[in-house]
Amino acid sequence: YVADEMPYFLATGWYGPRKTKLLKSIFNLWDGYLCVGELMEQLTRQVTHSRKHSSIFTISNYIRRERYEELRVARPKLDGLNILFIGSGPAGYRVWYKGLDLMLQAFEITCRENPRVRFTIVGEWDAAVERELLRRVGPECADRVRFVGRDADIRRHVEGSSLYLH
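Just so it is clear, the model here is predicted, and its values are computed rather than measured. (Residues numbered from 1 in each chain as written. Predicted model: local features only at pLDDT ≥ 70, side-chain atom pairs only at ≥ 80, totals over all residues. Heavy atoms only, no water.)

Here we come to the side chain of Glu 5. Along the chain, Glu 5 turns up in the segment before α1 (6-12). Relative accessible area serves as the criterion here: at 10%, Glu 5 is assigned to the buried category. A polar contact is formed between the side chain of Glu 5 and the side chain of Tyr 93, at a distance of 3.2 Å. Not counting residues up to four positions away in its chain, the partners in contact with Glu 5 are Tyr 93, Arg 94 and Tyr 97. (Helix = DSSP H or I, 4+ residues; strand = E, 2+ residues; numbered from the N terminus. Buried < 20%, exposed > 50% of the residue type's maximum accessible area, 1.4 Å probe, protein only. Polar contact = N/O pair within 3.5 Å; in protein donor to acceptor, adjacent residues only side chain to side chain. Contact = heavy atoms within 4.5 Å.)

Take a look at the structure:
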């Protein structure tokens, strides 16, 4: 079952040369790969031997019917200036994997141009990770970034935002 960041980190060499080589050799010992989504499939093909490619299968990411029905009718606030990101760490390495570091770099540029823009982050992150991210965006933008933690009421956040990044 392949649904985490390992294929991505193997493909990018994030673990370093020696550990990447070791992990790739172990990963290639698997009998089969059930990948959640096309990206995981592509990354798994990239880091496995071609003889393993017939053993790679893709399934869709699942969303509960209740959640689907709830979000299907949600209408974002298109005239607003709130950017929304939904995703959890909680550890710092997942900031890079999820691209939250790049989102906040872009937000910093945007917030200097428009002081009304806001960035809401829904999901669990370690307090130290949150502090580091706020430090990176600088004092003039940090007060416009809001970490709300885990929240089951996703619809409220979607409807209060004009742009969703994932």
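From this point, the narrative continues.
For the coordinates displayed, the defined rule picks out 15 aromatic pairs. Seen from their ring centres, Phe 107 and Phe 119 are 5.5 Å apart, and the 70° between their planes marks the pair as edge-to-face. One end of the pair, Phe 107, is in helix α6 (residues 100-113); the other, Phe 119, is in strand β4 (residues 118-122), with 12 residues separating them in the sequence. Under the relative-accessibility criterion, Phe 119 is labelled buried at 1%. Aromatic ring contacts, followed pair by pair, group Tyr 8, Phe 9, Trp 14, Tyr 15, Tyr 93, Trp 96 and Tyr 97 into a single cluster. (Phe/Tyr/Trp six-rings, centres within 6.5 Å; stacked < 30°, edge-to-face > 60°.)

Together, Tyr 1, Leu 34, Phe 57 and Ile 59 line one region of the surface with nonpolar side chains, adding up to about 420 Å² of accessible area. When you line up the elements, Phe 57 lands in strand β2 (residues 56-59). Assessed through its relative accessible area of 48%, Phe 57 is described here as partly exposed. (Patch = residues over 30% accessible without salt bridge, like charges linked within 9 Å, V, L, I, M, F, W, Y side chains within 5 Å. Areas by Shrake-Rupley, 256 points an atom, 1.4 Å probe, with all protein chains shown as cover. Salt bridge = Lys/Arg side-chain N within 4 Å of Asp/Glu carboxyl O.)

The next point concerns the state of the cysteines. Per the stated rule, a full pass over the model turns up one disulfide. Between the sulfur atoms of Cys 111 and its disulfide partner Cys 141 the distance amounts to 1.7 Å. Placement of the pair is Cys 111 in helix α6 and Cys 141 in helix α8 (residues 139-142), with a sequence separation of 30 residues. Among the residues examined, Cys 111 registers a relative accessible area of 2% and is labelled buried. Taking relative accessible area as the criterion, Cys 141 reaches 0% and is therefore assigned buried. (Disulfide = S-S within 2.5 Å.)

Considering all chains together, one arrives at 14 salt bridges under this definition. Here Arg 112 ties to Glu 140 by a salt bridge, and the two come within 3.8 Å at their closest N and O atoms. With a gap of 28 residues between them, Arg 112 in helix α6 and Glu 140 in helix α8 connect regions that are remote in the sequence. In this structure, Arg 135 and Glu 132 form a salt bridge, with 2.5 Å as the shortest nitrogen-oxygen distance. Here the residue Arg 135 and the residue Glu 132 both occupy positions in helix α7 (residues 127-137), the gap between them amounting to three residues, near one helical turn.

Let us look at the sheet that holds strand β6 (residues 163-165). Pairing is parallel across the open sheet formed by four strands, whose spatial order is β5-β4-β3-β6. Strands with a single pairing partner mark the edges of an open sheet, and in this sheet they are β5 (145-149) and β6. Averaged over all neighbouring strand pairs, the angle between strand axes comes to 20°, with direction disregarded. Of the strand pairs in this sheet, strand β3 (residues 82-86) and β6 are connected by three bridges, and their pairing is parallel. Paired with Ile 83 across the bridge in β6 is Leu 163. Of the strands in this sheet, β3, β4, β5 and β6 are in contact with α6, which crosses β4 at around 165°. (Pairing = 2+ DSSP bridges. Axes fitted to C-alpha atoms, helices over the stretch in contact; angles between N-to-C directions.)

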